[in-house]
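Fold and geometry: a report
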Amino acid sequence: MSRVVFIGLTTLMLAACGPADQTSAPEAAAPTAAAPPAVAAADPVGAWTRIKIVGLTCGDNCYLRIQPIEGGEPDDVMCSADLCAPWFENQALADGVAEKTWEVQMGKLDQLDNAGNVMDDNFPAIIAVREAN
């Protein structure tokens, strides 16, 4: 898993660097653990969907298993929202996550394998998440 995080973080850091970043101090460029991949596309702003998070699976990537509140089949999705980072780092959901109802905005991400190859450039992903009221 650490190799996956290192490869993913290196790719993200290189993609995010611009000319101004090249003069940054080394400590400013240090990677943070399990940074999510960049978002490729998103649903319209304000398009929130109510879901339950029913599981987490990690391999080359980490995936949340979500169940729509309105019904339908559960789905495995990636997540680029900040809230997902600690779950992915620990490869476990925090206590109480599965008991809550969440609202998410969906988008698409590049799904990468261990070597950094794009397996799917249009993989479903959560781009924003908040606890439902």
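For the structure, see preceding data.
Residues numbered from 1 in each chain as written. Predicted model: local features only at pLDDT ≥ 70, side-chain atom pairs only at ≥ 80, totals over all residues. Heavy atoms only, no water.

Some points on the pattern of salt bridges
Tallying each qualifying case throughout the model produces four salt bridges. Among the ionic pairs, Glu131 bridges to Lys100, the shortest N-O distance being 3.6 Å. Of this pair, Glu131 sits in strand S6 (residues 118-131) while Lys100 sits in the loop between helix H2 (84-90) and strand S5 (101-112); the two residues are 31 residues apart in sequence, bridging distant segments of the chain. The partly exposed category is assigned to Glu131, whose relative accessible area is 42%. Each of Arg50, Glu103 and Arg130 takes part in salt bridges that share partners, so that together they form one network. (Salt bridge = Lys/Arg side-chain N within 4 Å of Asp/Glu carboxyl O. Helix = DSSP H or I, 4+ residues; strand = E, 2+ residues; numbered from the N terminus. Buried < 20%, exposed > 50% of the residue type's maximum accessible area, 1.4 Å probe, protein only.)

As for the packing of aromatic side chains
Considering all chains together, one arrives at two aromatic pairs under this definition. With a centroid separation of 6.1 Å and an interplanar angle of 75°, the aromatic rings of Trp87 and Trp102 are classed as edge-to-face. Of the two residues, Trp87 is situated in helix H2 and Trp102 in strand S5; the sequence distance between them amounts to 15 residues. Each member of the pair, Trp87 as well as Trp102, is classed as buried. Seen from the ring of Trp48, Arg130 lies directly overhead, with NZ or CZ sitting 3.7 Å from the centre. (Phe/Tyr/Trp six-rings, centres within 6.5 Å; stacked < 30°, edge-to-face > 60°. Lys NZ or Arg CZ within 6 Å of the ring centre and 35° of its normal.)

As for the nonpolar core
With 17 residues, the main nonpolar core has Ile53, Leu64 and Ile126 as its most contacted residues. With near-sequence residues (within four places) excluded, Ile126 lies in contact with Leu64, Ile66, Val77, Met78, Cys79, Ser80, Ala81, Val104, Gln105 and Met106. Residues Tyr63, Met78, Leu109 and Phe123 belong to the second largest nonpolar core, which totals five residues. (Core = buried A, V, L, I, M, F, W, Y, C linked by side-chain atoms within 4.5 Å. Contact = heavy atoms within 4.5 Å.)

Details of the environment of Leu109
By the element assignment, Leu109 lies in strand S5. Considered as a pair, Leu109 and Ile127 are 18 residues apart in the sequence and their alpha carbons are 9.1 Å apart.

Structural notes on the environment of Thr49
The topology assignment puts Thr49 in strand S2 (residues 49-58). For Thr49, a relative accessible area of 32% translates into the label partly exposed. Beyond its immediate stretch of four places on either side in the chain, Thr49 contacts Glu70, Trp102, Glu103 and Val104.

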